[in-house]
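# Overview (structure and organization)
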Amino acid sequence: MQDNWRQALHLEPPQGWLNDPNGLCWFHGFYHVYFQYCPTSAEGNGDKLWGHYRSADLLHWQFRGVVLHPDTPDDRDGVYSGSALVQEDTLHLFYTGNVKEPGDHDYITSGRGANVIHVTTHDGDTMSAKSVLLRNKDYPADCTQHVRDPKVWRENGAFRMVLGARRRDDTGAVLLYRSDDLTHWTLDRVLTSDAPFGYMWECPDLYAVNGVRVLSISPQGLPHEKTRFQNVYQSGYFVLDGDRPTTFTEWDMGFDFYAPQSFVTPDGRRVMFGWMGLPDIDYTNPTVARGWQHCLTLPREVFRDAAGHLRQRPVRELDALRAGARPLTDTTLSLPFDLEAQAQGDFTLTLAHGLSLTCTGETVTLTFTDASLGGGRTTRTALVPDCRTVRAIVDRSSVEIYLNAGACVFTTRFYPASDLISLQSTGLTGTIWRMNGLEVTHNVP
Ligand code: FRU
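Residues numbered from 1 in each chain as written. Predicted model: local features only at pLDDT ≥ 70, side-chain atom pairs only at ≥ 80, totals over all residues. Heavy atoms only, no water.

Here we come to the pairing of strand S21 (residues 300-304). Taking burial as the measure, the five residues of S21 include four buried ones, the bulk of the element. Pairing between strand S18 (residues 270-276) and S21: three bridges, direction antiparallel. Its bridge partner lying in S21, valine 271 is registered against glutamate 301. Alignment of S21 against strand S22 (residues 310-314), held across five bridges, turns out to be antiparallel. Along S22, the bridge assignment pairs arginine 304 with leucine 310. (Buried < 20%, exposed > 50% of the residue type's maximum accessible area, 1.4 Å probe, protein only. Helix = DSSP H or I, 4+ residues; strand = E, 2+ residues; numbered from the N terminus. Pairing = 2+ DSSP bridges.)

Time to look at the packing of aromatic side chains. Within this structure, the stated rule accounts for 23 aromatic pairs. Taking 5.1 Å as the distance between ring centres and 50° as the angle between the ring planes, the aromatic pair formed by phenylalanine 35 and tyrosine 37 counts as tilted. Of the two residues, phenylalanine 35 and tyrosine 37, neither departs from the other in class, the shared state being buried. Look at tyrosine 237 and tryptophan 251: their rings are 4.6 Å apart centre to centre, the planes differ by 45°, and that puts the pair in the tilted class. With tyrosine 237 in strand S15 (residues 236-241) and tryptophan 251 in the loop between strand S16 (244-250) and strand S17 (258-264), this pair connects stretches of sequence that are 14 residues apart. Aromatic rings pair up to connect Phe197, Trp201, Phe229, Phe238 and Phe248 into one cluster. Sitting over the face of the ring of tyrosine 107, lysine 100 holds its NZ or CZ atom 4.8 Å from the ring centroid. Of note, arginine 313 hangs over the ring of phenylalanine 303, and the distance from its end group to the ring centre comes to 3.6 Å. (Phe/Tyr/Trp six-rings, centres within 6.5 Å; stacked < 30°, edge-to-face > 60°. Lys NZ or Arg CZ within 6 Å of the ring centre and 35° of its normal.)

Taken together, Asn19, Asp20, Gln36, Lys48, Tyr80, Ser81, Arg148, Asp149, Glu202, Cys203, Tyr258 and Trp275 form the complete shell of residues around the ligand. A distance of 2.6 Å is found between an oxygen atom of the ligand and a side-chain nitrogen or oxygen belonging to glutamine 36. Separating an oxygen atom of the ligand from a side-chain N or O atom of aspartate 149 is a distance of 2.5 Å. Taking 320 Å² as the accessible area of the ligand by itself, protein coverage stands at 92%. Looking at side-chain class alone, the shell around the ligand contains four nonpolar, three polar and five charged residues. (Near = heavy atom within 4 Å. Polar contact = N/O pair within 3.5 Å; in protein donor to acceptor, adjacent residues only side chain to side chain. Areas by Shrake-Rupley, 256 points an atom, 1.4 Å probe, with all protein chains shown as cover. Nonpolar A, V, L, I, M, F, W, Y, C, P; charged D, E, K, R; others polar.)

All right, on to the sheet that holds strand S19 (residues 292-293) then. Read from one edge to the other, the open sheet built from six strands follows the order S19-S1-S2-S3-S4-S33, with strand pairing classed as mixed. Of all the strands in the sheet, just S19 and strand S33 (439-441) have a single pairing partner and so form its edges. The pairing of strand S3 (residues 49-55) with strand S4 (residues 60-68) spans six bridges and is antiparallel. Note on S4: the bridge partner recorded for histidine 52 is glycine 65.

One pass over the structure, following the stated rule, counts 34 salt bridges. Residue glutamate 155 pairs with arginine 213 through a salt bridge whose shortest N-O separation is 3.4 Å. Here arginine 213 lies in strand S14 (residues 212-220) and glutamate 155 lies in strand S9 (residues 143-155), a separation of 58 residues in the sequence. Among the residues examined, arginine 213 registers a relative accessible area of 30% and is labelled partly exposed. Between arginine 391 and aspartate 338 there is a salt bridge, with its nearest N and O atoms 2.9 Å apart. Taken together, the positions of arginine 391 in strand S29 (residues 389-395) and aspartate 338 in strand S25 (residues 337-351) put the pair 53 residues apart, joining distant regions of the chain. For aspartate 338, a relative accessible area of 0% translates into the label buried. The structure contains a network of salt bridges with shared partners spanning Asp319, Arg322, Asp338, Glu340 and Arg391. (Salt bridge = Lys/Arg side-chain N within 4 Å of Asp/Glu carboxyl O.)

Let's shift gears to the pairing of strand S27 (residues 363-368). Note that strand S26 (residues 355-360) and S27 share six bridges and pair antiparallel. Within the sheet, the bridge partner assigned to cysteine 359 lies in S27 and is valine 364. Between S26 and S27, which pair antiparallel one after the other, the connecting turn spans two residues, and glycine 361 there sits at a positive phi close to 60°.

Tracing the sequence through the fold places glutamine 87 in strand S5 (residues 79-87). For glutamine 87, a relative accessible area of 15% gives the class buried. A polar contact is formed between the side chain of glutamine 87 and the side chain of arginine 154, at a distance of 3.0 Å. Residues within four places of glutamine 87 in sequence aside, it is in contact with His92, Arg154, Phe159 and Leu182. (Contact = heavy atoms within 4.5 Å.)

Moving on, we come to the sheet that holds S14. Strand order in the open sheet made by the four strands is S13-S14-S15-S16, with antiparallel pairing throughout. The two strands at the open ends of the sheet, each matched to only one other strand, are strand S13 (200-209) and S16. Across the sheet, the mean angle separating the axes of adjacent strands is 30° when strand polarity is ignored. Pairing of S14 with S15, which is carried by four bridges, proceeds in the antiparallel orientation. Along S15, the bridge assignment pairs leucine 215 with phenylalanine 238. (Axes fitted to C-alpha atoms, helices over the stretch in contact; angles between N-to-C directions.)

Secondary-structure assignment places arginine 269 in the loop between S17 and S18. A residue is classified by how much of its surface remains accessible, and arginine 269, at 6% relative accessible area, is buried. Among the polar contacts made by the side chain of arginine 269, one reaches the side chain of aspartate 267 at a distance of 3.0 Å. The contacts of arginine 269, once residues within four sequence positions are left out, are Tyr31, Phe263, Val264, Glu301, Val315, Arg316 and Glu317.

All right, on to the environment of alanine 195 then. Note that alanine 195 resides in the loop between strand S12 (186-191) and S13. Among the residues examined, alanine 195 registers a relative accessible area of 48% and is labelled partly exposed. Taking C-alpha positions, alanine 195 is 35 Å from phenylalanine 368, a pair spaced 173 residues apart along the chain.

Shown next as structure tokens:
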């Protein structure tokens, strides 16, 4: 029997609540993964702090505890999301200090301070004093007080920062700032779509993958469609034509994906972690009753295929966790496992007699046929023309399914009663590997 759904392959908090990945980087021989953390409440009812995991190889992780608390007037109501920049022997961290004034406010156009705060560290754990780089007065007059989530990088000798914003006319935008010294920042441009695209763009990230420049955002307020934008909020990327956001593609079509952030590995791969969860959801994750909620996705490499399209794949480091291989047949398997399969046409893959992936023509659906397995989730649909390959990494309470070599991904939590689950498929041939878990220690120094 499985009664706690603790993940084996995904980073999750020892107790309490986790949301966005923050401050992702490689620094002084370690990958650093900071995250939005509320240790005192599994439902996230409390101030947000930054928790910290680090790893030399993406397989052995150490939880290093809380590294940033809301302990100044400029971040007293939350150390919100932000990013990392490595410069020689210093790690620079940038985040949003959230401030809520007492009184009768809507906290959109009044009552909120959104400060960009800068700290430095030499070991990833011990932080310098905090200094405020930007305040409400530094943002364009047409913005509300929802301006947050600085992502900073260096390009052509200058430092750049993107911030997500909600404007007064309820359209989302990204503010692009520029600095020569990391201290003084000036607004360079405002990036927005030709037609309005939601009221708020959270967690922006801007980068190029082999010459394709993309603006990743988590937009709020998009109308739901049958095969797109099915979750409460979305997450995806615009391809940029110069500064102009053009086509938008969702990163993930499953139930549980939001607020991704990327960084570059020492060997030059663009790797992204997402939050395997969403705010304001209308379903219940049963781990809450056990004292914690949410995890990050697997680290995923974002790459360009031969035709120039962006794709995602689990980082190759995870292949080292594969144990015995065997052909894909209907069977019972212990979690976690990894599966690679080929399809010639329509196919189905059913896990634990209650979670089914079905490809019919160009339509792929992920459906909980057993409601108890999904904690309230129902069905998600995507258009995947000519779907020929399936890679599924199934952890103790989640699946990440990469279709057509990472052209379309479905990520969702599921809660099987046992960590021995059934697998049935039609129309697929392939291989299954047992997986060893990550090694995670919680020795807070
Ligand atoms: C995204 C987000 C960010 C914010 C953080 C607060 O999930 O709302 O915009 O900085 O979470 O935890």
